[in-house]
Every structure is written in structure tokens, then in C-alpha cells.
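# Remarks on the overall topology
What follows is each chain in one-letter form.
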Amino acid sequence: MPYKRVLLKISGEALQGRQDSGIENETLNRLATDIAEICRSGVQIGLVVGGGNLIRGAEQAAKGFEQVTGDHMGMLATVINALAMQDAIERQGQSVRVMSAIRINEICEGYIRRRAVRHLEKGRTVVFAAGTGNPFFTTDSAASLRAIEINADLMIKATKVDGVYSSDPAKDSSAEFYSRLTFDQALYERLSVMDATALVLCRDHQMPLRVMNIFKPGSIKRLIEGEDIGSLIEA
């Protein structure tokens, strides 16, 4: 395997599958099967899951909630998704630990970087929940931060599109696909990859990022095995 340790970022919307919201068991189990198989091949997997399938902090703020309150609600949604992923992956025979950036000791471990690395070294999948634990930061920023902290070889952002495009391919048939680009290019052109904070973190710490379509079965495993899938963003 070309990569020893990988941070995988999955959006909350990926878990809802074909539903309008919530968690679709078929999608959840497929992802869990893929992740467990990758771990059994010897690759260490850290996982960050968003919460958009349940609730979004920004949307709550738009409805009148204070943004800090809305963001805290969003953090709790990521914990729910993390617990669902833990259960599904463990049913595949793979050991998992959920580590939360906010203290919920009765449900999961608090995030400690050294302990997270130790779990990975022991072959456990680590699911990082509750974002960074701070309002105003997205789970994309949390994924970039955790990838850097655990010294991942690669960060993968699994989305519903095949990679990075010059515009939304669902709305613009002439959108250009980028197989390779730099973080500065993504920032300058304001491409819909991740928020600027997440991109700058990856750029400044030379963390390579792959953007790929999570709905293609087996694509995560093929990418980690070295296949050129999706878009690669480097410094």
C-alpha cells in the first residue's frame, strides 16, 4: 500500500444515501465494509464524519438561533453519526474508538492526540467526532486539523461528485474537471472543495488532499491502493 495512515472525511449527507435526511442503513453498511476491509489490509484509518444529514449549525443560525448554539447542535449531530459508524464498522469485525472534541465521557472517549495515534498503531479505526470542539469551524477544518495532528500520509474528502470542477457539474455541463491542482489555485478560484481555513491548513502543512466520489463502490480502497481516482490537491 502506498499509504500507511489516511484521514477520511465523509460528509453527513453521504450517510443519508437516497433519503432526504437521517442515516440510510445500506449506505452506512457499505461504507463500514469498505473501511473494515482497508484496515485489515494494514492501512490505519482515521475518520471524520459531518452532521449535515441530521442538522447544520449554519442553518439553525439562519433560523434565528445564536450561531454558537447552532454550531454546538451541529457538533452533537456528528457524534450521533460517529456512533453509527462505530457500530457498523464493529459489526464487520474491526475495532473502533470514537473520540470527541467535546466531553461526553459516558458515550465515547475525549480526544487526546497521543491516545488517538496509539489506537491507530494498534490497528483500531478512530472516528473523530464533534469537529474541533469550537464554534465557527467546519468539519472540513476539523478533518484537516486531525490529519495533520496524526501525521496522516493523505487526507481524502469523499463527496457526491467525482472530484474538483471549475463549477457545479450538476448545474453547468461545461464545468471543467481538475485531476491535479494546487491549494493556492483552489483558494484563488474559490473552487467548492473545502472552506478556506481547511485548505490553508493542508497547504501550510503540506498535507495532500484527494477529492473523490464516495458513491462508487470500492473506490476508496482502490484509491488507497494507488489508483488515480478523483482530484489530487497539493501545495
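This write-up is about the structure you can find in this document.

Procedures and definitions
- Numbering of residues starts from 1 in each chain and follows the order in which that chain's sequence is written.
- Per-residue local features are limited, in this predicted model, to residues with pLDDT of at least 70; the limit for side-chain atom pairs, both in listing and counting, is 80 or more; totals at the level of whole chains, interfaces and linings are taken over all residues.
- Side-chain metrics rest on all non-hydrogen atoms present in the structure, leaving aside hydrogens and water.
- Note on pairing: two strands pair once DSSP finds at least 2 bridges between them.
- Here a strand is any run of E in DSSP of at least two residues, a helix any run of H or I of at least four, and the numbering for each starts at the N terminus.
- In this analysis, two residues are considered to be in contact whenever any of their non-hydrogen atoms come within 4.5 Å of each other.
- Helix axes use the C-alpha atoms of the stretch in contact, all axes being lines fitted to C-alpha atoms, and the angles between their N-to-C directions lie in the range 0 to 180 degrees.
- Exposed residues in this analysis have more than 50% of their type's maximum accessible area, buried residues have under 20%, and partly exposed residues fall in between, with area computed by a 1.4 Å probe over protein chains only.
- His is not counted here, nor are the chain ends, while Lys and Arg score as positive and Asp and Glu score as negative.
- Throughout this description, the term salt bridge denotes a Lys or Arg side-chain nitrogen within 4 Å of a carboxyl oxygen of Asp or Glu.
- Identification of polar contacts relies on pairs of N or O atoms within 3.5 Å, with a donor-acceptor requirement for protein atoms, meaning one able to donate a hydrogen and the other able to accept it, and with residues adjacent in sequence counted only if both atoms are side-chain atoms.
- Here a pair means two rings of Phe, Tyr or Trp (six-membered ring of Trp) with centres within 6.5 Å. Their orientation is stacked below 30 degrees between planes, edge-to-face above 60, and tilted elsewhere.
- In this scheme, Lys NZ or Arg CZ marks a charge over a ring once it lies within 6 Å of the ring centre and within 35 degrees of the ring normal.

Spatial ordering of the open sheet is given by β4-β3-β5-β2-β1-β6-β10-β11-β9, a layout of nine strands whose pairing is mixed. Edge positions in the open sheet fall to β4 (109-110) and β9 (180-182), since each of these has one partner strand only. The pairing of β9 with strand β11 (residues 231-234) spans three bridges and is parallel. When the sheet's bridge partners are listed, Arg 180 is paired in β11 with Leu 232. Relative to the sheet, helix α6 (residues 139-149) contacts β1 (5-10), β2 (44-49), β5 (125-129) and β6 (154-159), its axis offset from that of β1 by approximately 175 degrees.

Turning our attention to unusual backbone geometry. If you check the backbone angles, Asn 151 has positive phi at about 60 degrees while not being a glycine. Assignment of secondary structure puts Asn 151 in the loop between α6 and β6. Overall, Asn 151 belongs to the exposed group, its relative accessible area being 55%.

This part covers the pairing of strand β10 (residues 209-213). Within a regular strand, the side chains alternate between the two sheet faces. Among the five residues that make up β10, five are buried, leaving the element largely enclosed by the rest of the structure. On β10, burial covers both faces: Leu 209, Val 211 and Asn 213 on one face and Arg 210 and Met 212 on the other are all buried. Across five bridges, the pairing between β6 and β10 is parallel. For Thr 159, the partnering residue across the bridge sits in β10 and is Asn 213. The pairing of β10 with β11 spans three bridges and is antiparallel. Bridge pairing links Arg 210 to Leu 232 in β11.

All right, on to the side chain of Arg 5 then. Mapped onto the fold, Arg 5 is located in strand β1. For Arg 5, which is buried and forms no salt bridge, the nearest opposite charge comes from Glu 121, at a distance of 4.3 Å. Here Gln 44 takes part through its side chain, which lies 2.6 Å from a polar atom of the side chain of Arg 5. Dropping the residues within four chain positions of it, Arg 5 is found in contact with Gln 44, Val 117, Leu 120, Glu 121, Ile 150, Asn 151, Ala 152, Asp 153 and Leu 154.

Moving on, we get to the packing of aromatic side chains. Each aromatic ring pair is summarised here by two numbers: the centre-to-centre distance and the angle between the ring planes. Tallying each qualifying case throughout the model produces two aromatic pairs. Ring geometry for Tyr 111 versus Phe 128: centroids 5.7 Å apart, planes at 80 degrees, classification edge-to-face. Here Phe 128 lies in strand β5 and Tyr 111 lies in the loop between β4 and α5 (113-121), a separation of 17 residues in the sequence. We note that Tyr 111, like Phe 128, is buried. In this structure, Arg 146 packs its charged tip against the face of Tyr 111, placed 3.8 Å from the ring centre.

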